[in-house]
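Structure assessment
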Amino acid sequence: MGSKGSTKSVNMASRLSGLCETGSAILEAQDLQGILSIVTQRTQQLFDGAGAAVTFLEEGSQGLLVAGASGTLRAIVGARYPIEGTLSQRAIEEDRAVIDNDMTDHPFHESVDVEAGEPFTILAVPLRERSGALGCLVVVGRATPPGFVQEDADSLYAFGHLAGLAIQNARLLEAETARAERSDTLRAESEDHIKILQDLHAGEVAVASDLELDAVLQTVADRARDLTRAAYGALGVLTPEGDELELFITSGLDASQRERMGGPPKGLG
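1. Points about the packing of aromatic side chains
- Counted by the stated rule, this structure contains zero aromatic pairs.
- The ring of Phe 56 carries the charged tip of Arg 171 above its face, separated from the ring centre by 4.3 Å.

This is how it looks when you write it as structure tokens:
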């Protein structure tokens, strides 16, 4: 029992380390196709799947476009599928990871290396951008019993948020770069936007590269202050009960200024 628990902890630590490294890689990469390739290949590898895919919600949210894929799903890149009734629809609408270890009917079924009607395993998590749902990250075909489990769902769900931000940034960067190339009169404005996006990339890389909570929060506060050109900044984290601050991080204040502030704000006034 102890040996199994120890092995499980080691495997989870190894996966978290792999996801952290992957997060840094996709945030450093500013090419959309490069990001999609890294996300799908590493997801397939880290979650022991036969294939993985990134799908984008199409206009009107009625369909899914397969934007990138690896393994057994590689052949369906560029394909379009209706979203109605799929695991992807549940993952997006409920904003959670969805597992089915006995899937017999799915738009991807013909691309999974199984006989018609034969069940296969699938795990889908939403990809979110700053304004809402972007699409889904899906991994299929895990053969090891019992298939995908809740720990898989939790870690892929967290990674999906980071992947969604990286993909959104890459799409925005491509759009701004194309806009700058089309019009000399808009070049200066577009280059300013590109610089902001590159700064966001740098901030996300810094956050993804550190698993220590205090260091992550300090990086977020510092980057937010830099991007808004503010003199001071602060970031508070609520307790689980939500009635007071558990952590309070400041940026731009020296030790004496912070000391004069006293304790963290109480949410009054």
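2. Some points on the confidence of the model for the protein chain
- Mean pLDDT for the protein chain: 78, with 71% of residues reaching 70 or above.
- In the predicted structure, residues 1-6 sits below a pLDDT of 50 and forms zero contacts with residues beyond four places in sequence or in another chain.

3. Let's talk about the sheet that holds strand β6 (residues 132-140)
- With respect to topology, six strands assemble into an open sheet ordered β3-β2-β1-β6-β5-β4, the strand pairing being antiparallel. The outermost strands of the open sheet, each flanked by one partner alone, are β3 (80-82) and β4 (98-103). For this sheet, the mean angle separating the axes of adjacent strands, direction not counted, is 30°.
- Looking at chain direction, β4 and strand β5 (residues 120-129) are connected through four bridges and run antiparallel. Bridge pairing links Asp 100 to Ile 122 in β5.
- Across the face of the sheet, helix α3 (residues 87-94) comes into contact with β1 (51-57), β2 (63-71), β4, β5 and β6 while running at roughly 40° to β5.

4. Focus on unusual backbone geometry
- In this structure, Asp 48 is a non-glycine residue whose phi angle is positive, near 55°.
- Within the secondary structure, Asp 48 sits in the loop between α2 (32-46) and β1.
- For Asp 48, a relative accessible area of 40% corresponds to the partly exposed category.
- The phi dihedral of Asp 95 is positive, around 50°, even though this residue is not glycine.
- Mapped onto the secondary structure, Asp 95 falls in the loop between α3 and β4.
- Classification of Asp 95 as partly exposed rests on a relative accessible area of 31%.

Here is what the cut-offs are and how they apply
Residues numbered from 1 in each chain as written. Predicted model: local features only at pLDDT ≥ 70, side-chain atom pairs only at ≥ 80, totals over all residues. Heavy atoms only, no water. Phe/Tyr/Trp six-rings, centres within 6.5 Å; stacked < 30°, edge-to-face > 60°. Lys NZ or Arg CZ within 6 Å of the ring centre and 35° of its normal. pLDDT = per-residue confidence, 0-100. Contact = heavy atoms within 4.5 Å. Pairing = 2+ DSSP bridges. Helix = DSSP H or I, 4+ residues; strand = E, 2+ residues; numbered from the N terminus. Axes fitted to C-alpha atoms, helices over the stretch in contact; angles between N-to-C directions. Buried < 20%, exposed > 50% of the residue type's maximum accessible area, 1.4 Å probe, protein only.

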